[in-house]
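Okay, here's what each chain looks like letter by letter:
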Amino acid sequence: MGRVVKACRGALFVCALAGVAPAAAGAQGCAGLGASVDDARKLLLRAANEPAFEAAKKEALRAKNALDDAAVSSMDCQCKGAYSEFDTAALRARRARDADSPNAYIDSLEAAIRAFNSAIGELKSCAAQRAR
């Protein structure tokens, strides 16, 4: 019987990508940015909403891989701040995957979500700078 995990008091900015990805995607090397960020968002939500501890940890691993992809896309798009934040989010998602208790899982996943949200802010900054 798996333990029930109730994750995440932190909120994902699910609407935040609306204006970011299209503006950033116009830059050279940014073609996959919107899709990779959206995948990471969806997988973080799954990891946060999965009630069974072991299944949640598997979702955290999937989120970590998607966050790694978003980090690479951000670097390809020359948005170093977003790269750093997505990289941090991936590290925290990996820690969630490796957690030995539901509380450690929740703490790590919430840290991943906070870093993801910071990465979205960095993407907005990059898009605003490109628009100038």
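Residues numbered from 1 in each chain as written. Predicted model: local features only at pLDDT ≥ 70, side-chain atom pairs only at ≥ 80, totals over all residues. Heavy atoms only, no water.

(A) Looking closely at the confidence of the model for the protein. Of the residues in the protein, 78% have a pLDDT of 70 or more, and the chain-wide mean is 83. The secondary-structure element of the protein with the lowest mean pLDDT is helix H1 (residues 17-25), recorded at 44, while helix H4 (residues 80-97) shows the highest, at 97. Here residues 6-26 scores under 50 on pLDDT; set against residues more than four positions off or in separate chains, the count is 45 contacts. (pLDDT = per-residue confidence, 0-100. Helix = DSSP H or I, 4+ residues; strand = E, 2+ residues; numbered from the N terminus. Contact = heavy atoms within 4.5 Å.)

(B) Quick peek at the packing of aromatic side chains. Under the criterion given, the structure shown has two aromatic pairs. Between the aromatic rings of Phe53 and Tyr105, the centroid separation amounts to 6.2 Å while the plane-to-plane angle is 90°, which identifies the pairing as edge-to-face. With a gap of 52 residues between them, Phe53 in helix H3 (residues 53-76) and Tyr105 in helix H5 (residues 102-131) connect regions that are remote in the sequence. (Phe/Tyr/Trp six-rings, centres within 6.5 Å; stacked < 30°, edge-to-face > 60°.)

(C) Structural context of the nonpolar core. Counting residues in each nonpolar core, the largest one holds 36 residues, and the members touching the most others are Leu67, Phe86 and Tyr105. Only helix H2 (33-49), H3, H4 and H5 provide two or more residues apiece to this core. If one sorts the elements of this core by residue count, H5 sits on top with 11 residues. (Core = buried A, V, L, I, M, F, W, Y, C linked by side-chain atoms within 4.5 Å. Buried < 20%, exposed > 50% of the residue type's maximum accessible area, 1.4 Å probe, protein only.)

(D) Representation of the packing of H2 against H3 in the model. Remark: H2 packs on H3, axes separated minimally by 8 Å, with the N-to-C direction vectors making an angle of 160°. With respect to H3, the element H2 is oriented roughly antiparallel. Handedness of the H2/H3 crossing: left-handed. Counted together, Leu33, Ser36, Val37, Asp39, Ala40, Leu43, Leu44, Arg46 and Ala47 of H2 and Ala56, Glu59, Ala60, Arg62, Ala63, Ala66, Leu67, Asp69, Ala70, Ser73 and Ser74 of H3 form the full contact between these two elements. (Axes fitted to C-alpha atoms, helices over the stretch in contact; angles between N-to-C directions. Parallel < 35°, antiparallel > 145°, perpendicular 65-115°, else oblique. Left-handed = near helix turned anticlockwise from the far one by under 90°.)

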